[in-house]
Amino acid sequence: MDNQGTTSILQNRIVLFPLPFQGHINPMFQLANILHSRGFNISMIHTKYNFPNPSKYPHFNFHIISDGLLESGVSNPVNIIKFLNSNCVEPFRECLDRLMFDYHVDCVITDANWPFTQAIADSVNLPRIVLRTSSICSFLAFAAVSLFRDKGYFSNLDSNMDAPIEEFPPLKIKDIPQGEITSNSEDVFQIIDAMVQQTKKASALIFNTFSELEEPDLPKLYNQFLMQTFTIGPFHKFFSASTTSLLTHDMNSISWLDKQEPKSVLYVSFGSVATMDTQKLQEVAFGLANSKQPFLWVIRPGLVNGSEWIETLPNEILESISERGYIVKWAPQQEVLSHFAIGGFWTHSGWNSTLESICEGVPMICSSFFGDQMTNSRYVSDVWKIGIKLEKGLERDEIENAIRRLMVEKEGDGMRERILCLKEKIDVCLNTGGSSYQSLEKLVDFITSLRSSTV
Ligand code: UDX
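Given the structure is predicted, the values throughout are model-derived calculations rather than measurements. (Residues numbered from 1 in each chain as written. Predicted model: local features only at pLDDT ≥ 70, side-chain atom pairs only at ≥ 80, totals over all residues. Heavy atoms only, no water.)

**Some points on the domain arrangement of the chain**
Interface extent is often summarised as the accessible area lost during association of the parts.
Phase 1 of the analysis: When the domains of the chain are assigned, the result is domain 1 (2-242 + 430-454) and domain 2 (246-427).
Phase 2 of the analysis: For domain 1 and domain 2, the distance between their C-alpha centroids amounts to 27 Å.
Phase 3 of the analysis: Counting residues at the interface gives 42 residues for domain 1, matched by 31 residues for domain 2.
Phase 4 of the analysis: A combined buried area of about 3100 Å² lies between domain 1 and domain 2, and 62% of that area is made up of carbon and sulfur atoms.
Phase 5 of the analysis: In terms of surface lost to domain 2, no three residues of domain 1 exceed Gln22, Leu213 and His236, which account for 19% of the buried area on that side.
Phase 6 of the analysis: In this structure, the connection of domain 1 to domain 2 is made through 3 salt bridges.
Phase 7 of the analysis: Notably, a salt bridge pairs Asp175 with Arg378, separated by 2.7 Å at the nearest N-O pair.
Phase 8 of the analysis: For the pair domain 1 and domain 2, the number of links is 11 residue pairs in polar contact (both at pLDDT 80 or more).
Phase 9 of the analysis: If you list the elements that add at least two residues to the side of domain 1 that touches domain 2, you get helix H1 (22-37), helix H6 (136-143) and helix H9 (211-214). (Domains from an automatic or database assignment. Contact = heavy atoms within 4.5 Å. Buried area = accessible area lost by both parts, 1.4 Å probe. Salt bridge = Lys/Arg side-chain N within 4 Å of Asp/Glu carboxyl O. Polar contact = N/O pair within 3.5 Å; in protein donor to acceptor, adjacent residues only side chain to side chain. Helix = DSSP H or I, 4+ residues; strand = E, 2+ residues; numbered from the N terminus.)

Here you go:
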């Protein structure tokens, strides 16, 4: 009501705030599109860092906030997340205040890796819904990190890496989500802990997953996170990730695949963040060459520390690769995975890649690098049994062996059958009455109900 006693008509809006990394931008924009298609108006707050092309989203309002990252010289994802969570507080608060002045904001949906946004939402009485862009199983592993630390598993990291974590089967000590991305495991611990603790204070939690896949872990989730939870994925089945790609897709990958035999090609990509040194790159290259299987390999500029691109690969390898391989800087991944020529995906087990592979029924070889990838890959190999985890890291003999097991041997057929079953379940869960369909209906009702409580 205004001071004349009449009701002012402000347009309703949902405000979304993605973490500015490819693997987080994709699902947040997909969610925004899903909600827009259900009648909600969308305002997207975004950092200057990795700001997407707004002309591809004329149906959203964009609000850029300064982050100071470029001037800071901060690099590597852990340090960037830490920096942004401190530097974006005031710009985010001011932007949200402005939006709440101009519109009736129903709620704010922010990435779980923006823990600072919970206190701001609380301070203006606005419900915060958390989008966790990864799996439930990996989120539960993050939620157990304090326990892992109390039990001394962090200090055992150099000892028996293959020992099981009794409190969290089937994880092994080496699967603890601390990762190699920084030597400062205390920073990683702080980021994970803040994510978990602030998520517990949120009004609701959304996952880009489907409940049939993660059924056994749902009771654990509900016990620890006492809020409405929505599993409405896989998001990319509603809207593809191609419009949010920060790099240009090399479409020659598709014309190269067109010339290959059905199910003969291994697609290799380690996502948008992981890095490796030259020696590891060579292990990958020798493993691929020695396997004698055709492959399409994404080597992203920046993948190899200290290198521009592939200049450190020996000529002998490049020659042997050119016989049956094709290297690109960035591929149209969803199209690649759905191509008839693809028989397997060697992935870093980022959650988007894992889900995209399941949706196309493509079994995996998993090389996790850090964070959620460790749990995702363990579940792919030991729980869902739809892939092979490389247990020794990047080592040419193990790579060669895994490629043959997946692409040529009977073992691969078993994984293919199981992943095809999951693919079918996805089709069911998205259709009318299916689990993700119903969960989305509940999310729409939930957000609509916030409208009356926040007016
Ligand atoms: C990061 C973390 O690494 C991951 O563990 C977490 O789950 C999400 O954030 P990222 O490395 O980007 O993710 O991997 P992933 O989650 O798999 O997302 C990569 C996205 O980029 C996918 O949607 C994929 O389709 C796309 N992609 C990847 C391309 O379009 N082309 C490529 O060549 C490679």
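**Observations regarding the packing of aromatic side chains**
Phase 1 of the analysis: Scanning the model with the defined rule gives 25 aromatic pairs in all.
Phase 2 of the analysis: Summarising the aromatic geometry, the rings of Phe21 and Tyr49 are spaced 6.1 Å apart at their centres and angled 80° between planes, so their arrangement reads as edge-to-face. Taken together, the residues span a long stretch of sequence, with Phe21 in the loop between strand E1 (12-17) and H1 and Tyr49 in the loop between strand E2 (42-47) and strand E3 (60-65) at a distance of 28 residues.
Phase 3 of the analysis: On the accessibility criterion, Phe21 (8% relative accessible area) is buried.
Phase 4 of the analysis: The class of Tyr49 is partly exposed, set by a relative accessible area of 25%.
Phase 5 of the analysis: Aromatic pair Tyr57 and Phe60: ring centres 5.5 Å apart, planes at 10°, arrangement stacked.
Phase 6 of the analysis: Given a relative accessible area of 3%, Tyr57 falls into the buried group.
Phase 7 of the analysis: The exposure class assigned to Phe60 is buried, which follows from its relative accessible area of 5%.
Phase 8 of the analysis: Members of the aromatic cluster, each reached through a chain of ring pairs, are Phe29, Phe51, Tyr57, Phe60 and Phe62.
Phase 9 of the analysis: Positioned above the aromatic ring of Tyr103, the side-chain terminus of Arg13 is 4.7 Å from the ring centre.
Phase 10 of the analysis: Residue placement shows Lys220 over the ring face of Phe168; its charged tip is 5.7 Å from the ring centre. (Phe/Tyr/Trp six-rings, centres within 6.5 Å; stacked < 30°, edge-to-face > 60°. Buried < 20%, exposed > 50% of the residue type's maximum accessible area, 1.4 Å probe, protein only. Lys NZ or Arg CZ within 6 Å of the ring centre and 35° of its normal.)

**Concerning helix H4 (residues 89-102)**
Phase 1 of the analysis: The end-to-end C-alpha distance of H4, which contains 14 residues, comes to 20 Å, matching closely the 20 Å that a straight helix rising 1.5 Å per residue would cover.
Phase 2 of the analysis: Here H4 has its buried residues at Pro91, Phe92, Cys95, Leu96 and Leu99. Down the axis of H4, the buried set is contained in an arc of 125°. They therefore lie on one face.
Phase 3 of the analysis: Where H4 is buried, its residues touch E1, E2, E3, helix H3 (77-87), strand E4 (104-111) and helix H5 (116-123). (Expected span 1.5 Å × (residues − 1). Arc of directions from axis to C-beta.)

**A short note on the nonpolar core**
Phase 1 of the analysis: The biggest cluster of nonpolar side chains holds 90 residues, and the ones touching the most others in it are Phe92, Phe148, Phe168, Leu257, Tyr267 and Ile358.
Phase 2 of the analysis: Of all hydrophobic cores here, the second largest spans 34 residues; its members include Leu313, Ile317, Leu390 and Leu394. (Core = buried A, V, L, I, M, F, W, Y, C linked by side-chain atoms within 4.5 Å.)

**Considering H1**
An α-helical turn contains 3.6 residues, so any two residues separated by three or four positions project in the same direction.
Phase 1 of the analysis: Between its first and last C-alpha atoms H1 spans 22 Å; for 16 residues at 1.5 Å apiece the expected length is 22 Å, and the two agree.
Phase 2 of the analysis: Taken across its 16 residues, H1 has 13 buried, putting it largely inside the fold.
Phase 3 of the analysis: Two residues or fewer past H1, Gly39 is found with a positive phi of approximately 100°.

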